[in-house]
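What the coordinates show
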Amino acid sequence: MISINKRFEAVVIGSSAGGIKALTTVLSALPHNFPLPIIIVQHLHPQSDSYLAQILGAKTRLTVKQADEKETIVRGVVYLAPPNYHLLIEEDRSFSLSIEGHVNFARPSVDVLFESAVYAYRDKLIGIILTGANHDGNYGVKKIKQMGGYIIVQDPATAEANAMPLAAIAATTVDVILPLVQIGPYLLQLVNRSTKDSHLFK
Amino acid sequence: MEDIETQNIELQLLLQAIYLKYGYDFRNYAKASIKRRIQHRMLKEGINSLSAMQHKVLYDIAFFERLLLDMSINVTEMFRDPSFYLALRKVVIPELKKFSFLKIWHAGCSSGEEVYSMAIILKEEGLYERTQIYATDMNEVVLKQARDGIFNISKLKQYTANYQKSGGLESFSDYYSAHYDHVVMNKALKENILFSDHNLATDGVFGEMNLIMCRNVLIYFNRDLQNRALGLFFESLGHEGYLCLGSKESIRFSEYSHAFEDVVREEKIYTKKSAHEEISAYD
């Protein structure tokens, strides 16, 4: 029942220092049938490889995997950028990888993911910025807002590192700022509400 | 709000213009990344549309050359992914020792760091003297850097660590001489390397190779161009030839997934199936 009216079609999340705990909190609040794909850039040590997918996979009811090059994006799956690669979304909604230089001192970079996601999902995109000690993502959230998407930022007071949420809030008019524990439930509500609304309009 | 449809038309026209004017074919590159790099060059140069950029590309060669450097990613390092080089040394090199003469093609060699890495392994394993390495790239600027074999000294600490993790047998500092802020790789390492211009999007097959290295190049191509490149590699490999891709690249989704088999799956080292095996793979 993919409806063209659906308000949202994908969620992108950017997180850095303290992000693994924050991601666990957000993702564990979501049911196994969450209707959108969730695509995440978490800054990691370049050689850390695939342990993050295991950690998050054990704490959530959703399938969690590292994004593969050219893989088609499927709803209800959580995709992680591989360490040491930028993750991009093509307009046909498949993944691309790149090893071009660091952006905001980061590879993967939140901005690179968010910017490409904007071209793929336009106004049907939800962007979330969680804890982090740098400014990565502030260009990306601006692009998402320019295109009519929705931005959720973790309340800096509840963030292990507040620089990334603060930078996002300073960059654009974000839709909502929430304490960490409320982000998952809010996201679920937002997505369910918009799905229901689209049924009413049909 | 940005008009994405119009931008995409402009992008297509720009890539077409570059192809017609300069012969570089980016039309089948994965779009998200190439679009991003072009748009960032546009902002950096203070140009306000891709159409305006097209005009500049057509009439200003120096500008095109700057853009070309943005469009071809030239991020590389020595012994990039040490576990790959360790697998190469432990699993592939012993097999290559069976041959009396070896031909290796390094496609998309960029500024050459990985070519010198391969040369070092071949030296240490006693294979260098009977090997011809063809190192190719589409970009003349980086190819010259590769030919010169001069690298920034700031990266040497990491390269040395990579070398050690990849099973290096000697002291890494024996392979270069340091001068202020740069190092010069030993001349002996490049005696059997032929650096030349080759574009995987437009050029053809390359000899009867025993091993082809093409790491972190295919990730920038769309499926059609990936299939073209893999076709070139298939045709260029001799009997029992090896194909080594980047650690996040795979032939699994390509037209050639049945034509190769895994040698070291997690390091993306493949071998070409013989004609007979290939037929049975389709049964």
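Everything below is about the structure printed above this text.
We now turn to the structure provided with this report.

As for the nonpolar core
- In terms of nonpolar packing, the biggest core is built from 83 residues, with Ile89 of chain A together with Phe26, Ile38, Phe233 and Leu243 of chain B touching the most fellow members.
- Sort the elements by how many residues they give to this core and helix α3 (residues 110-121) of chain A lands first, with eight residues.
- Both domains that furnish three or more residues to this core are identified here as domain 1 (4-71) and domain 2 (82-281) of chain B.
- Listed in part, the 43 residues of the second largest apolar core include Ala135, Tyr175, Tyr176 and Met185 of chain B.

Examining the sheet that holds strand β7 (residues 125-129) of chain A
All names here are of chain A.
- One open sheet accounts for seven strands, arranged β3-β4-β2-β1-β7-β8-β9; its pairing is parallel. The open sheet is flanked by β3 (63-66) and β9 (176-178), the only strands paired with a single partner. The sheet shows a mean angle of 20° between the axes of neighbouring strands, direction not considered.
- Pairing analysis gives four bridges linking β7 to strand β8 (residues 150-154), with the strands arranged parallel. Along β8, the bridge assignment pairs Gly127 with Ile151.
- Sheet contacts for helix α1 (residues 19-28): β1 (10-15), β2 (38-42), β4 (77-80) and β8; angle to β2, the most-contacted strand, approximately 165°.

Quick look at the side chain of Thr172 of chain A
- Looking at the secondary structure, you find Thr172 of chain A in the loop between α5 (163-171) and β9.
- Those residues within four positions of Thr172 of chain A in sequence are excluded, and the remaining contacts are Val141, Lys142 and Lys145 of chain A.

Parameters at a glance
Residues numbered from 1 in each chain as written. Chains lettered and ligands numbered in written order. Predicted model: local features only at pLDDT ≥ 70, side-chain atom pairs only at ≥ 80, totals over all residues. Heavy atoms only, no water. Core = buried A, V, L, I, M, F, W, Y, C linked by side-chain atoms within 4.5 Å. Buried < 20%, exposed > 50% of the residue type's maximum accessible area, 1.4 Å probe, protein only. Helix = DSSP H or I, 4+ residues; strand = E, 2+ residues; numbered from the N terminus. Domains from an automatic or database assignment. Pairing = 2+ DSSP bridges. Axes fitted to C-alpha atoms, helices over the stretch in contact; angles between N-to-C directions. Contact = heavy atoms within 4.5 Å.

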